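Chain and residue survey
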2 protein chains.
Amino acid sequence: MTKVLFVLFPGVTQLDFTGPAQVLSRLHGASTFVAAKTLDPVATDSGFAILPNVTFADAEQADILCVPGGHGVAEALGDAETIEFIASQASGAKWVTSVCTGAFLLGRAGLLEGKRATTHWAYAHLLPLVGATHAAGRVVEDGHTITAGGVTAGIDFALTLVAREAGQDHAEAVQLSLEYDPAPPFAAGNPASAGPARTDMLKQRVYDAAAARMAAALSAGQ
Amino acid sequence: MTKVLFVLFPGVTQLDFTGPAQVLSRLHGASTFVAAKTLDPVATDSGFAILPNVTFADAEQADILCVPGGHGVAEALGDAETIEFIASQASGAKWVTSVCTGAFLLGRAGLLEGKRATTHWAYAHLLPLVGATHAAGRVVEDGHTITAGGVTAGIDFALTLVAREAGQDHAEAVQLSLEYDPAPPFAAGNPASAGPARTDMLKQRVYDAAAARMAAALSAGQ
């Protein structure tokens, strides 16, 4: 059995987790563990809560550790129990992975030091704060550490990981089962295609402040 | 406020719901309602449960009704309370939508009669059983009824709907915030790209039986 373990915290961007969970739950022989500090429902960013199925204290050693991101990361960075759990699981995991700003939780746990990594585009400039170098690409592999870009990159990451674990044939069967033949109605999925005007507007409205909060949280308690 | 309401049932394919929920929760002025028969956790297909935030009985009239799919659809088709709730909400909703095999729940509620629609590729041949004509495309619009293809098509659908509701500019900002610039590692997302050998293998392993169960459920109680 391949134990896939996701780390949840309040304010998680749920698709960072639910996208890979959908893909990896179809990895042959995989079991999905959704771990949090307690078994209480975890509030997501999308107006609903997810129920963990194991506590940090009771979680077995995972084969695949996956840490999603979200606005809640800035707070989770200051939570010793969450960071220690990530560090402890990572020490015995075959794959240590993150989606979106989950990279900074890996980083706070000391897991990105000297590594090439990625995260959501609006936070990529902060990767050096955890000792990582930002690498181009939606899915960045550095040894057994895999980091994915923002939110929806988690689906591409998870298919990549299924191929690493079980071969491309199996990954393609999972892809077909999920009809993952994306056709975005618009071409605005990254700053280059969206253009500077739209990107700057979104930064002003959301991400300048959010990245500043993240930088402050990364600096605190160093 | 735009009320976005998702209908949950046991055995839902969670990404059918969580993908659109991630996108639509970023529609300006939107509130997300996740409705089920009771407030008990709803088991998904991915090894974890989602907590509804409203019961069918207490749900207000939605502006956007969205019905996800999953292996649980075959059972939900026989559940009068679920079907009546969908029919009742649809009668007052601005948009009536489905992802994946959620189309058959719309269909059982009488909402696809005479309409062009789509669903997961492995079930498309069953659309005439609910009076619909299968139309090509990952997102099919017929008046205020929008149906999406399998699982991941829900993300494309939801961005399309954000554009209909709030304009392309807003949809592109949401797309950029979710870094939705998909780069599938393989080209196997539909039967044409996956090829007949892989498609037939998956049908034999999963979908021939699943489609037969769906057809039987659609025939029962007609």
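All values reported here derive from a predicted model rather than from experimental measurement.

So, how was this worked out
- Each chain has its residues counted from 1, running along the sequence as written.
- Naming scheme: in the order in which they are written, chains are lettered from A and ligands are numbered from 1.
- Local features are withheld for residues below a pLDDT of 70 in this predicted model, meaning they are given only at 70 or higher, and side-chain atom pairs are given and counted only at 80 or more; totals for whole chains, interfaces and linings count all residues.
- Values shown for side chains rest on all heavy atoms present in the structure; no hydrogens or waters enter the calculation.
- To sort residues, take the accessible area from a 1.4 Å probe on protein chains only and compare it with the maximum for the residue type: under 20% means buried, over 50% means exposed, and anything in between is partly exposed.
- Note on conventions: DSSP H or I runs of at least 4 residues are helices, E runs of at least 2 residues are strands, and numbering of each starts at the N terminus.
- Two residues qualify as a contact provided that any one of their heavy atoms is within 4.5 Å of a heavy atom in the partner residue.
- Throughout this description, a polar contact denotes any pair of N or O atoms lying within 3.5 Å of each other; where both atoms belong to protein, one of them has to be capable of donating a hydrogen while the other can accept it, and for residues adjacent in sequence the pair is counted only when both atoms sit in side chains.
- For helices, the fitted axis covers only the stretch in contact; all axes are lines through C-alpha atoms, and the angles between them, taken along N-to-C directions, range from 0 to 180 degrees.
- Left-handed describes a crossing whose near helix is turned anticlockwise from the far helix by less than a right angle; the clockwise case is right-handed.
- Each residue gets one label: Ala, Val, Leu, Ile, Met, Phe, Trp, Tyr, Cys and Pro are nonpolar, Asp, Glu, Lys and Arg are charged, and the others, such as Gly, are polar.
- Copy-to-copy superposition: least squares on the C-alpha atoms, limited to residues that have pLDDT of at least 70 in both copies.
- For every residue, the predictor reports its confidence as pLDDT, a number between 0 and 100.
- Whether two strands pair comes down to DSSP finding at least two bridges between them.

Overview of helix α6 (residues 168-177) of chain A
- Counting buried residues in α6 of chain A gives 8 out of 10 residues, a clear majority hidden from the surface.
- Listing the buried residues of α6 of chain A in full gives H170, A171, E172, A173, V174, Q175, L176 and S177 of chain A.
- The elements touched by buried residues of α6 of chain A are α1 (14-24) and α5 (153-166) of chain A together with α7 (191-194) and α8 (196-219) of chain B.
- Just downstream of α6 of chain A, E179 of chain A is the residue with a positive phi angle, here 45°.

Brief notes about the side chain of T160 of chain A
All names here are of chain A.
- Structurally, the position occupied by T160 is in helix α5.
- Residue T160 is classed as buried on the basis of its relative accessible area, which comes to 9%.
- A distance of 2.8 Å separates the side chain of T160 from the backbone oxygen of D156, its partner in a polar contact.

Concerning the packing of helix α5 (residues 153-166) of chain B against helix α6 (residues 168-177) of chain B
Residue and element names in this part refer to chain B.
- Running from amino to carboxyl end, α5 crosses α6 at an angle of 145°, the nearest separation of the two axes being 7 Å. By crossing handedness, the relation of α5 to α6 is classed as right-handed. On α6, the residues that touch L159, V162, A163 and A166 of α5 are Q168, H170, A171, V174 and Q175.
- Looking at side-chain class alone, the contact of α5 with α6 contains 6 nonpolar, 3 polar and no charged residues.

A short note on the relation of the copies chain A and chain B
- Of the two same-sequence chains, chain A is brought onto chain B (RMSD 0.0 Å, axial shift 0.0 Å) by a rotation of 180°. Here the copies are linked by what is in effect a two-fold axis. Taking C-alpha positions as reference, the residue of chain A nearest the rotation axis is I50 of chain A, located at 2.3 Å.

Some remarks on the confidence of the model for chain A
- For chain A, per-residue confidence averages 97 on the pLDDT scale, and 99% of positions sit at 70 or higher.
- Across the predicted assembly, pTM comes out at 0.97 and ipTM at 0.96.

Section: the sheet that holds strand β5 (residues 54-55) of chain A
Residues and elements named next belong to chain A.
- Judged by pairing direction, the sheet is mixed, and its 7 strands sit side by side in the order β5-β2-β1-β6-β7-β11-β10 without closing on themselves. Either end of the sheet is taken by a strand with one partner, and the two such strands are β5 and β10 (139-142).
- Helix α3 (residues 80-92) rests against β1 (2-7), β2 (30-36), β6 (64-67) and β7 (95-99) of the sheet, and its axis sits at about 160° to β1.
- Across the sheet, α5 is in contact with β1, β6, β7, β10 and β11 (145-148); its angle to β7 comes to roughly 165°.

Quick look at the sheet that holds strand β5 (residues 54-55) of chain B
Residue and element names in this part refer to chain B.
- Judged by pairing direction, the sheet is mixed, and its 7 strands sit side by side in the order β5-β2-β1-β6-β7-β11-β10 without closing on themselves. Two strands bound the open sheet, and with one partner strand each, they are β5 and β10 (139-142).
- When strand β1 (residues 2-7) meets strand β2 (residues 30-36), the two strands line up parallel, connected through 6 bridges. Of the residues in β2, the one forming a bridge with K3 is S31.
- Relative to β1, helix α3 (residues 80-92) is tilted by about 160°, and along the sheet it contacts β1, β2, β6 (64-67) and β7 (95-99).

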